[in-house]
Amino acid sequence: MTKTKKFLLTDEQTPKQWYNIVADMPNKPLPPLNPKTKKPITKEEMSVLFAEELIDQEMSTERFIDIPEQVQDLYKIWRSTPLVRAYALEKALDTPAKIYYKNESVSPAGSHKPNTAIPQAYYNYKQGVKHLTTETGGGQWGSAIALASQFFGLDLKVYMVKVSYNQKPYRKLMMNAWGADVIPSPSTTTQAGLHALAQDPECSGSLGLAISEAVEVALKDPSTTKYCLGSVLNHVLLHQTIIGEEACMQMEMAGDEPDIVIGCFGGGSNFAGIGFPFLKKNFTEGKNIRVIAVEPSSCPKLTRGIFQYDFGDTEGFTPLLPMYTLGHDFQPADIHAGGLRYHGAGSIVSQLLKDGLIEAQSVPQLETFAAGLTFAKTEGIIPAPESTHAIAVAVREALKAKEEGKEKTILFNLSGHGMIDLFAYEQYFAGKLQNYDLPDEVIRKSIDKLDKIIK
Ligand SMILES: *Cc1c(COP(=O)(O)O)cnc(C)c1O
């Protein structure tokens, strides 16, 4: 008998609702605060930047939220995504564990990010917004929102950190292909950019600076222009739960249930996407599924950060968010998993970790690339450097199962492919990548600067 390797859902079977984990959380996430008044941010304060329906979702406690039909229709371009049993990887590891992965690399942009880009563009379009602004580092988010803006006829300006703009031309070209205007940051189009360039004409930019440029442009005309963000916020995590809602059904089709669910962790969106629907089983069906977030050991907010209010960006422009953080001006080492270099974590995920409902592990860079290549050689797909972190912990857990002689079932999220990040692999092959041991003092220094609002 041939073995079934890949599980897919028909359009009819594909879930029609996102899952809002807030409804089932024993302790709800703390509210975001206005940094000046230290009072919870109001809907009015948020509505200058974000579309109304996105703010409602940000604050919602409803368990399920309907996916609009136009969004469902666009999801059909690549969803459902395959759930695959990694037989060849299991064999290479000689493990009794069963390993499955959910393949989010099949979207047009090559990652999970269009799952939220499409609804964000849709709700803005529905409200009559004409222009969107955003920032991007390596370009993964920028390319996803460019794709989505194109579908809804929205004009998009992407402020791309100048060093990436120069070093990573391919995602910039993807954004151009989808009609977006990509501006290297710092630029002369905003006060923030002009200010940075006046201080240092050679300034190569930062994500924080790109955020302030994008926000400044949106604030100039809040009635027609809004800002959008690709991770961290509650509504972004909500949209990503389509991943896990599908995976729950596909695991059932496979006749299995995971003991362990794994996602790599930048701001928390793909981790939440795969993990939250399985946590729902823990909350409502008394299951005991381990859900593990994996971060780089050079940017270890979950495993070595503190739970405190902090800014969402490096410059201190955003509201204060309750999060596990290394301090907003923490500068991570220049590792090749750009999407995982964020200093903090979304507030829902942070609360879940504080309450012991999820786990976190950190992995050094060389272990992640080794695991990524084992995956590429066995399963065929070259993973994004971010996704290799999830693979590394799947490998760790599969080898532990072998040691203990246990038949565990492991599921991880393949958040994206690495075809546009081959430069990172080139560096690895050339022996130029290193592990980086982050000293406690470095973390303490940036954490000491935080205003300790949570006593
Ligand atoms: C952006 C990105 C990540 C990290 O972001 P999260 O919000 O934590 O998911 C991980 N993997 C890929 C492929 C990405 O593009």
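Predicted model, so just to flag it, every value in this text is computed and none were measured.

1. Points about the domain arrangement of the protein chain
Here the protein chain is described as being made up of domain 1 (6-13 + 77-110 + 236-447) and domain 2 (17-67 + 113-234). Averaged C-alpha coordinates put domain 1 and domain 2 at centres separated by 22 Å. Residue-level contacts link 49 residues of domain 1 with 53 residues of domain 2. Summed over both partners, the interface of domain 1 with domain 2 comes to about 4100 Å²; 67% of that surface belongs to carbon and sulfur atoms. Among the residues domain 1 hides against domain 2, the three largest losses belong to V236, L238 and H239. Together they make up 18% of the total. Linking domain 1 with domain 2 are one salt bridge, by the criterion used here. Between R171 and D421 there is a salt bridge, with its nearest N and O atoms 3.2 Å apart. Counting across the interface, domain 1 meets domain 2 through 17 residue pairs in polar contact (both at pLDDT 80 or more). Of the residues forming the side of domain 1 that touches domain 2, the biggest block, seven residues, is contributed by helix 13 (residues 269-285).

2. Structural notes on the packing of helix 6 (residues 140-151) against helix 8 (residues 169-177)
Where helix 6 meets helix 8, the closest approach of the two axes is 8 Å, and the angle between their N-to-C directions is 10°. Classified by the angle between their axes, helix 6 and helix 8 sit roughly parallel to one another. Here helix 6 runs over helix 8; the crossing is left-handed. Between helix 6, through Q140, G142, S143 and A146, and helix 8, the contact on the second element is made entirely by R171, M174 and M175. The residue inventory of the contact of helix 6 with helix 8, partitioned by class, reads three nonpolar, three polar and one charged.

3. Here we look at the sheet that holds strand 8 (residues 181-185)
Ordered by their spatial adjacency, four strands build an open sheet running 8-7-6-9, and the pairing between neighbours is parallel. The sheet is open, and its two borders are formed by strand 8 and strand 9 (225-227), each paired with just one other strand. Across the sheet, the mean angle separating the axes of adjacent strands is 25° when strand polarity is ignored. Sheet analysis places strand 7 (residues 155-161) next to strand 8, joined by five bridges and oriented parallel. Residue pairing in the sheet places V161 in a bridge with S185 of strand 8.

4. Examining the state of the cysteines
The full count for this structure, using the stated rule, is zero disulfides. C248 takes part in no disulfide bond, and the closest cysteine sulfur to it belongs to C264, at a distance of 19 Å. Judged by its relative accessible area of 11%, C248 falls in the buried class. This cysteine, C299, is not joined by any disulfide, and C264 carries the nearest cysteine sulfur, 13 Å off.

5. Examining the sheet that holds strand 5 (residues 98-103)
Spatial ordering of the open sheet is given by 1-4-5-15-10-11-14, a layout of seven strands whose pairing is mixed. The open sheet has two edge strands with one neighbour each: strand 1 (6-7) and strand 14 (359-363). In terms of strand pairing, strand 10 (residues 260-264) meets strand 15 (residues 409-414) through three bridges, oriented parallel. The residue bridging V261 from the neighbouring strand is L411, located in strand 15. On top of the sheet, helix 16 (residues 365-379) reaches strand 4 (83-85), strand 5, strand 14 and strand 15; it is set at about 95° to strand 14, its chief contact.

6. Some points on the site of the ligand
The environment of the ligand is made up of 18 residues, and the closest members are K113, S231, G266, S269 and S415. Taking N270, its side chain carries an N or O atom lying 2.8 Å from an oxygen atom of the ligand. Relative to its unbound accessible area of 380 Å², the ligand is 97% covered by the protein chains. Among the residues making up the shell around the ligand, the classes are represented as four nonpolar, 12 polar and two charged.

7. Details of helix 9 (residues 191-199)
Those residues of helix 9 not exposed but buried are A192, G193, A196 and L197. Projection of helix 9 onto a plane perpendicular to its axis shows the buried side chains occupying an angular sector of 130°, all on one side. Along helix 9, exposed side chains directed more than 90 degrees from the buried face belong to Q191, A198 and Q199. Structurally, helix 9 contributes buried residues whose contacts are with helix 7 (162-167) and helix 10 (207-220). Sitting at the head of helix 9, T190 places a side-chain oxygen 2.9 Å from the backbone nitrogen of G193.

Basis of the calculations
Residues numbered from 1 in each chain as written. Predicted model: local features only at pLDDT ≥ 70, side-chain atom pairs only at ≥ 80, totals over all residues. Heavy atoms only, no water. Domains from an automatic or database assignment. Contact = heavy atoms within 4.5 Å. Buried area = accessible area lost by both parts, 1.4 Å probe. Salt bridge = Lys/Arg side-chain N within 4 Å of Asp/Glu carboxyl O. Polar contact = N/O pair within 3.5 Å; in protein donor to acceptor, adjacent residues only side chain to side chain. Helix = DSSP H or I, 4+ residues; strand = E, 2+ residues; numbered from the N terminus. Axes fitted to C-alpha atoms, helices over the stretch in contact; angles between N-to-C directions. Parallel < 35°, antiparallel > 145°, perpendicular 65-115°, else oblique. Left-handed = near helix turned anticlockwise from the far one by under 90°. Nonpolar A, V, L, I, M, F, W, Y, C, P; charged D, E, K, R; others polar. Pairing = 2+ DSSP bridges. Disulfide = S-S within 2.5 Å. Buried < 20%, exposed > 50% of the residue type's maximum accessible area, 1.4 Å probe, protein only. Near = heavy atom within 4 Å. Areas by Shrake-Rupley, 256 points an atom, 1.4 Å probe, with all protein chains shown as cover. Arc of directions from axis to C-beta.

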